[in-house]
Amino acid sequence: MTHVVITGTGLYTPEHAIDNAALVAAFNAWVDAENEQHAEAIARGEREPLAHSSSEFIEKASGIKSRYVLDASGILDPQRLRPKLPQRGNDEPSIQCEMAAVAARQALSAAKVDAADIELVIVACSNLERAYPAVAVEVQQILGTSGYGFDMNVACSSATFALETAANAIASGSVKRALVVNPEICSAHLNFRDRDSHFIFGDACTAMVLESSAVAVADEQFEILGTRLITKFSNAIRNNAGFLNRVTDSDPLALDKLFVQEGRRVFREVCPMVAQLITEHLASLELSGDDLKRMWLHQANRHMNDLIARKVLGYDPSETQAPIILDRYANTSSAGSIIAFHLHREQLVEGDVGVICSFGAGYSAGSVVIRRL
């Protein structure tokens, strides 16, 4: 039987950071300008005045204090409130390819693997820079890997779904080594004019090397004990941007072409679904919450993570058991749980068990149970 191990991880963090205070200042300046422009309509009761945001509101609602982004200047311009990223020529590396290459090279170095020995590349993220050619094939070229590559999208669950896909390819014997990368440019699909969500997302890219244990030589190895995925259709988290927009004559700048969600509904419906997924997955492996040393959960909302961990463990988790990185990275979609794994697996010893879990639009959720070798 082929055992699959994670042997290296990498992380690309953009150089620009925006704290809550700066984000709020830009948003509130836009609110003031809008309210002034429509002052007469507001006075007549024909229009509701827009409300200010605040750092206190953001942190209380989400636990987020800051975020990294590819471009801060455009986001902090009250007249723009969106990133400004120059369009690249077809002969230039794409933005997501560059992000992926940085994270991937870190992961390859940690795994002690040459790029040429990678036989499968999966680029998995919530938004792809283009429909084709696949970003994964571009990453394959820039790194010099062999074999094949493809893109996949399961929103915030993309990384765990890709982990299962890569692990299955290795377990079947079709490849010996695979690379999974998650280049998330979440700031590009966020509505920075929406008080309820303007603070949610940040940008980042993660990478993981998976190998057959028979060929792995890394100093640190985590065996994948099992994977379990679930999807359940819901409109509570949605983005309607797509190639049909131009033929349906819909407004490309309409609000539904950006990230929209019903936050309270998502909290109410997703938390029990994810807790049940993890609990039943553990039971299928003859494990329970008591066996978990770490829970590397999707980093969307502090309250969601605390509730899910409490349901699985039976008590409030410590910062060590369920590490939080969204306070400084915000929600980085599929990259979040992998950032947590990348940064917070210290002090784990041989035999320690943990779970990488993501959840989001779809609804979708993925559970990957691993053990330190």
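Rules of the game
Residues numbered from 1 in each chain as written. Predicted model: local features only at pLDDT ≥ 70, side-chain atom pairs only at ≥ 80, totals over all residues. Heavy atoms only, no water. UniProt positions renumbered as here; feature names shortened; annotations may be inferred. Helix = DSSP H or I, 4+ residues; strand = E, 2+ residues; numbered from the N terminus. Contact = heavy atoms within 4.5 Å. Expected span 1.5 Å × (residues − 1). Polar contact = N/O pair within 3.5 Å; in protein donor to acceptor, adjacent residues only side chain to side chain. 1 Å grid on protein atoms, 1.4 Å probe; cavity = no way out; pocket = protein on both sides within 12 Å on 5 of 7 lines; lining within 4 Å. Points joined across faces, edges and corners; volume = space filled by probe spheres on them. Nonpolar A, V, L, I, M, F, W, Y, C, P; charged D, E, K, R; others polar. Phe/Tyr/Trp six-rings, centres within 6.5 Å; stacked < 30°, edge-to-face > 60°. Buried < 20%, exposed > 50% of the residue type's maximum accessible area, 1.4 Å probe, protein only. Core = buried A, V, L, I, M, F, W, Y, C linked by side-chain atoms within 4.5 Å. Pairing = 2+ DSSP bridges. Axes fitted to C-alpha atoms, helices over the stretch in contact; angles between N-to-C directions. Salt bridge = Lys/Arg side-chain N within 4 Å of Asp/Glu carboxyl O. Parallel < 35°, antiparallel > 145°, perpendicular 65-115°, else oblique. Left-handed = near helix turned anticlockwise from the far one by under 90°.

Colleague: Looking at this model, I keep getting lost on the UniProt feature "domain: Beta-ketoacyl-[acyl-carrier-protein] synthase III N-terminal" (unreviewed entry) in the chain. Mind explaining?
Modeller: If you check UniProt for "domain: Beta-ketoacyl-[acyl-carrier-protein] synthase III N-terminal" (unreviewed entry), the listed places come out as residues 150-231 in our numbering. Taken end to end, residues 150-231 comprises 17% helix and 39% strand; its first and last C-alpha atoms sit 21 Å apart.

Colleague: Honestly, the environment of Val 209 in this entry has me stumped. Any pointers?
Modeller: Along the polypeptide, Val 209 turns up in strand β7 (residues 203-212). A C-alpha to C-alpha distance of 24 Å links Val 209 and Gly 360, two positions 151 residues apart in sequence. In this structure Val 209 touches Val 5, Ile 6, Thr 7, Gly 8, Ala 107, Leu 108, Ala 111, Ile 118, Ala 178 and Leu 179, once residues within four positions along its chain are discounted.

Colleague: Got a minute to help me understand helix α8 (residues 302-313) in this structure?
Modeller: What sets the pattern is the α-helix's 3.6 residues per turn: residues three or four places apart point alike. Given a rise of 1.5 Å per residue, 12 residues ought to cover 16 Å, and the 16 Å separating the end C-alpha atoms of α8 matches this to within 8%. Looking at the buried side of α8, the elements it contacts are α7 (263-284), β11 (292-297) and β12 (353-360). At the N-terminal end of α8, a side-chain oxygen is found 2.8 Å from the backbone nitrogen of His 303, two or three residues along, and the residue is Asn 301. In the stretch just after α8, Gly 314 is the one whose phi turns positive, near 90 degrees.

Colleague: Whenever I open this one, empty space enclosed by the protein confuses me. Can you help?
Modeller: For the structure on display, the rule yields one cavity of 30 Å³ or more. Estimated volume of the largest cavity: approximately 30 Å³. Considering the residues around the largest cavity, the lining is formed by Leu 23, Ala 26, Phe 27, Ile 75, Leu 81, Phe 192 and His 198. Residue composition of the lining of the largest cavity, grouped by class: six nonpolar, one polar and no charged.

Colleague: I keep staring at the packing of aromatic side chains and nothing clicks. Help me out?
Modeller: Remark: the centre distance and the inter-plane angle together describe each pair of aromatic rings, the angle taken between the planes. Counting across every chain of the model gives seven aromatic pairs. Aromatic side chains Tyr 68 and Tyr 329 sit 4.9 Å apart centroid to centroid with 50 degrees between the ring planes, which places their arrangement in the tilted category. A residue pair is termed long-range when its members are at least 10 positions apart, and Tyr 68 in strand β3 (residues 66-69) and Tyr 329 in helix α9 (residues 326-329) qualify at 261 residues. Under the relative-accessibility criterion, Tyr 68 is labelled partly exposed at 21%. Centroid distance Trp 296 to Phe 341: 4.8 Å. Interplanar angle 75 degrees. Geometry classified as edge-to-face. Here Phe 341 lies in helix α10 (residues 335-343) and Trp 296 lies in strand β11, a separation of 45 residues in the sequence.

Colleague: Quick question: what am I supposed to make of the nonpolar core here?
Modeller: Buried together is how nonpolar side chains tend to be arranged in soluble globular proteins. The biggest cluster of nonpolar side chains holds 54 residues, and the ones touching the most others in it are Val 274, Ile 278, Leu 292, Met 295 and Phe 359. Listed by contribution, the elements that provide at least two residues to this core are α1 (20-37), α7, β11, α8, β12 and β13 (364-372). Here this core gets nine residues from one element, more than from any other, and that element is α7. Among all residues touching Leu 292, those that are not within four sequence positions of it are Leu 282, Val 312, Leu 313, Val 353, Gly 354 and Val 355. Of all hydrophobic cores here, the second largest spans 36 residues; its members include Val 4, Ile 170, Ile 339 and Ile 370.

Colleague: What's the story with the sheet that holds strand β8 (residues 222-231) in this structure? I'm lost.
Modeller: The strands making up a sheet are joined through hydrogen bonds of the backbone, oriented either antiparallel or parallel. Taken in spatial order, the nine strands make up an open sheet running β5-β4-β6-β7-β1-β8-β13-β12-β11, and their pairing is mixed. Since the sheet does not close on itself, it has two edges, and those belong to β5 (148-152) and β11, each with one partner. The sheet shows a mean angle of 25 degrees between the axes of neighbouring strands, taken without regard to direction. In terms of strand pairing, strand β1 (residues 4-12) meets β7 through eight bridges, oriented antiparallel.

Colleague: Where do I start with the pattern of salt bridges in this structure?
Modeller: Where side chains of opposite charge bring their charged atoms close, a pairing between them can arise. Applying the stated criterion to the full structure yields 17 salt bridges. Because the salt bridges share partners, they merge into one network encompassing Glu 40, Arg 44 and Glu 46.

Colleague: What is the right way to look at unusual backbone geometry in this model?
Modeller: With glycine set apart, most residues show a phi of negative sign, and most peptide bonds adopt trans. With omega at 0 degrees, the peptide bond leading from Tyr 132 into Pro 133 counts as cis. Mapped onto the elements, Pro 133 comes out in the loop between β4 (120-124) and α5 (135-143). Here the bond from Gly 362 into Tyr 363 is cis, since omega is -5 degrees, no more than 30 degrees from zero. By secondary structure assignment, the location of Tyr 363 is in the loop between β12 and β13.

Colleague: When you look at the UniProt feature "domain: Beta-ketoacyl-[acyl-carrier-protein] synthase III C-terminal" (unreviewed entry) in the chain in this model, what are you seeing that I'm missing?
Modeller: The feature "domain: Beta-ketoacyl-[acyl-carrier-protein] synthase III C-terminal" (unreviewed entry), as given by UniProt, occupies residues 283-371 in the numbering adopted here. Helix makes up 30% of residues 283-371 and strand makes up 25%, while its end C-alpha atoms are separated by 15 Å.

Colleague: Hey, could you run me through the packing of α1 against helix α3 (residues 55-62) in this one?
Modeller: Where α1 meets α3, the closest approach of the two axes is 9 Å, and the angle between their N-to-C directions is 120 degrees. The angle between α1 and α3 falls in the class oblique. For the crossing formed where α1 meets α3, the hand is right-handed. On α3, the residues touching Asn 20, Ala 21 and Val 24 of α1 are Ser 55, Ile 58 and Glu 59. Partitioned by chemical class, the residues of the contact of α1 with α3 number three nonpolar, two polar and one charged.

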